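# Remarks on the overall topology
The chain contents come next:
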Amino acid sequence: MAQLTSSVITLNINGEKRTLPVDHRTTLLDALRERLDLTGTKKGCDQGQCGACTVLVGGRRAVSCLQLAVAAEGRVITTIEGVADGDRLHPVQQAFLDLDGFQCGYCTPGQICSALGVIEEHAAGWPSAVSADVSPEAEAPPLSAEEIRERMSGNLCRCGAYVAIVAAVARAAGDATGTAKEALA
């Protein structure tokens, strides 16, 4: 009996259902870029190390180079193309723009998608590796520069725009009072 090596899948991307045939080995990144022309998501290392290909799958951050497209079927996928509301930038995008949270811009789509995940995870009370109290009853720690750096550590920027990225995430999270100033210092 011959084993199937391809399927027709339907992906829910940026609020739109897209149906396409894929080889079972096709990554979500390759399906997005090569099959659906959503080229905002970047291919960096293609090994899950740099975060350039970060998208949101079911509201959670995912490095799309390590996820198979068939595994994303039925899940809600948000790429950088789906973050803005028409011509109105998302507050995270606006903060990156206002605070120069990018230089060459190659990693920026992944950084922004990751920042969206970071803000949501923090708002839900999830601790990070630098959170002082990780007990289930603990409140979320303040979204300090240290917390942001730890939570964004899976996204690399070869240009070194980290200080501005931290400030942009802090501002977008609504924590611009002390954290953004501290991040810029």
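We now turn to the structure provided with this report. (Residues numbered from 1 in each chain as written. Predicted model: local features only at pLDDT ≥ 70, side-chain atom pairs only at ≥ 80, totals over all residues. Heavy atoms only, no water.)

## Some thoughts on unusual backbone geometry
Most peptide bonds are trans, and most residues other than glycine sit at a negative phi. With phi around 55 degrees, D37 is a residue other than glycine that occupies positive phi space. Inspection of the secondary structure assignment puts D37 in the loop between α1 (28–35) and β3 (54–57). Classification of D37 by relative accessible area gives exposed; the value is 61%. The backbone phi angle of D100 is positive, close to 55 degrees, even though this residue is not glycine. The topology assignment puts D100 in the loop between α2 (91–98) and α3 (108–123). (Helix = DSSP H or I, 4+ residues; strand = E, 2+ residues; numbered from the N terminus. Buried < 20%, exposed > 50% of the residue type's maximum accessible area, 1.4 Å probe, protein only.)

## Focus: the pairing of strand β2 (residues 16–23)
Examined bridge by bridge, strand β1 (residues 6–13) and β2 share eight bridges and lie antiparallel to one another. Considered in β2, the bridge of I13 is made with E16. The hairpin formed by β1 and β2 contains two residues between the paired strands, and N14 there has a positive phi angle of roughly 55 degrees. (Pairing = 2+ DSSP bridges.)

## Some thoughts on the packing of α2 against helix α5 (residues 162–172)
Packing of α2 against α5 leaves a shortest axis separation of 8 Å and a crossing angle of 140 degrees. Taken as axis vectors, α2 and α5 run oblique relative to one another. Taken as a pair, α2 and α5 cross one another with a handedness that is right-handed. Across the interface between the two elements, P91, V92, A95, F96 and D98 from α2 touch I165, A168, V169, R171 and A172 from α5. (Axes fitted to C-alpha atoms, helices over the stretch in contact; angles between N-to-C directions. Parallel < 35°, antiparallel > 145°, perpendicular 65-115°, else oblique. Left-handed = near helix turned anticlockwise from the far one by under 90°. Contact = heavy atoms within 4.5 Å.)

## Digging into the side chain of T41
Inspection of the secondary structure assignment puts T41 in the loop between α1 and β3. Of the residues examined, T41 reaches a relative accessible area of 2% and is grouped as buried. With sequence-adjacent residues up to four places away left out, T41 is seen in contact with L29, L32, R33, C53, V55, S64, T79, I80 and E81.

## Observations regarding the side chain of S128
Residue position: S128 is located in the loop between α3 and α4 (145–151). With relative accessibility at 13%, the residue S128 sits in the buried group. For S128, the side chain forms a polar contact with the main-chain nitrogen of V130, separated by 3.2 Å. (Polar contact = N/O pair within 3.5 Å; in protein donor to acceptor, adjacent residues only side chain to side chain.)

## With respect to α1
Looking only at α1, the buried set comprises L28, L29, A31 and L32. After α1 finishes, the residue D37 shows a positive phi value of roughly 55 degrees.

## Notes on the sheet that holds β1
Strand order in the open sheet formed by five strands is β2-β1-β5-β3-β4, with mixed pairing between adjacent strands. Lying at the two open borders of the sheet, with one neighbouring strand each, are β2 and β4 (60–63). Neighbour-to-neighbour, the strand axes of this sheet turn through a mean angle of 40 degrees, independent of strand direction. The pairing of β3 with β4 spans four bridges and is classified as antiparallel. When the bridges of β4 are listed, V57 appears paired with R60. Across the sheet, α3 is in contact with β3, β4 and β5 (76–78); its angle to β3 comes to roughly 40 degrees.

## Let's talk about the environment of R18
Examined against the element boundaries, R18 turns out to sit in strand β2. Among the residues examined, R18 registers a relative accessible area of 25% and is labelled partly exposed. Residues R18 and I148 lie 130 residues apart in sequence; the distance between their C-alpha atoms is 34 Å. If sequence neighbours within four positions are ignored, R18 has contacts with I9, T10, L11 and L36.

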